[in-house]
Amino acid sequence: MARMHTRRRGSSGSDKPATDETPEWSEVDAEDIESRVVELAEQGHDPSVIGLKLRDEGVKGVPIPDVKLATGKKVTEILEEHDADADLPEDLRNLMRQAIRLREHMEENGQDHQNKRALQNTESKIRRLANYYRGDEIDEEFTYTYENAVELLEE
């Protein structure tokens, strides 16, 4: 992942295997996978956590290495179809949580200039991401403020 606000190089991550079919040891009905995805979402899990749980725990004891290969749809697409998707995209929600934590830290530690910059960078990312999602995933009138973020994440 490339670092947006530093001059350092990004760190490379591992790639998924280049395959276009599910392994024969993971033959599970797509409907069973979809119902498990919705069930996990109703328990309050984010799409990334749902993917990890399906990989590790599986459906009926059979691991699902890749939901998209097994069902032809991404986890978020499945959630949208069943009206189980969150009101805010996961990445935006995580950045807001981080900004709230940093803001609370700054209130107690006003001299922490390093974290003051981290807060500025995080809020900058939130605004950039909000522009990307505005009108599509989030409300056209959405503007980021600390109070707004606290209110949204309390729901």
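Just so it is clear, the structure is predicted and the values come from calculations on it, not from any experiment.

**Some thoughts on the packing of helix 5 (residues 90-108) against helix 6 (residues 113-133)**
- Contact pair helix 5 / helix 6: the axes reach a minimum separation of 9 Å and the direction vectors enclose 155°. Judged by the inter-axis angle, helix 5 sits roughly antiparallel to helix 6. Judged by the sense of rotation from one axis to the other, the crossing of helix 5 with helix 6 is left-handed. Of the residues in helix 6, those touching helix 5 at D91, L92, L95, M96, Q98, A99, L102, R103, H105 and M106 are N115, K116, A118, L119, T122, E123, K125, I126, L129, A130 and Y133.
- Each residue belonging to the contact of helix 5 with helix 6 can be placed in one class, and the counts come to twelve nonpolar, four polar and five charged.

**With respect to the layout of surface pockets**
- Roughly 940 Å³ of volume is contained in the largest pocket.
- For the lining of the largest pocket, the elements supplying multiple residues, two or more each, are helix 2 (47-56), helix 3 (67-71), helix 4 (75-81) and helix 5.
- If one sorts the elements of the lining of the largest pocket by residue count, helix 2 sits on top with five residues.
- Here the residues of the lining of the largest pocket are counted per class, giving 13 nonpolar, five polar and 14 charged.

**With respect to a negative patch on the surface**
- A surface patch of like charges, here negative, comprises E77, E80, D83, D85, D87, D136, E137, E151, E154 and E155.
- You can see D87 is positioned in the loop between helix 4 and helix 5.
- Owing to a relative accessible area of 49%, D87 belongs among the partly exposed residues under this scheme.

Definitions and limits used
Residues numbered from 1 in each chain as written. Predicted model: local features only at pLDDT ≥ 70, side-chain atom pairs only at ≥ 80, totals over all residues. Heavy atoms only, no water. Axes fitted to C-alpha atoms, helices over the stretch in contact; angles between N-to-C directions. Helix = DSSP H or I, 4+ residues; strand = E, 2+ residues; numbered from the N terminus. Parallel < 35°, antiparallel > 145°, perpendicular 65-115°, else oblique. Left-handed = near helix turned anticlockwise from the far one by under 90°. Contact = heavy atoms within 4.5 Å. Nonpolar A, V, L, I, M, F, W, Y, C, P; charged D, E, K, R; others polar. 1 Å grid on protein atoms, 1.4 Å probe; cavity = no way out; pocket = protein on both sides within 12 Å on 5 of 7 lines; lining within 4 Å. Points joined across faces, edges and corners; volume = space filled by probe spheres on them. Patch = residues over 30% accessible without salt bridge, like charges linked within 9 Å, V, L, I, M, F, W, Y side chains within 5 Å. Areas by Shrake-Rupley, 256 points an atom, 1.4 Å probe, with all protein chains shown as cover. Salt bridge = Lys/Arg side-chain N within 4 Å of Asp/Glu carboxyl O. Lys, Arg positive; Asp, Glu negative; His and termini not counted. Charge placed at Lys NZ, Arg CZ, Asp CG, Glu CD. Buried < 20%, exposed > 50% of the residue type's maximum accessible area, 1.4 Å probe, protein only.

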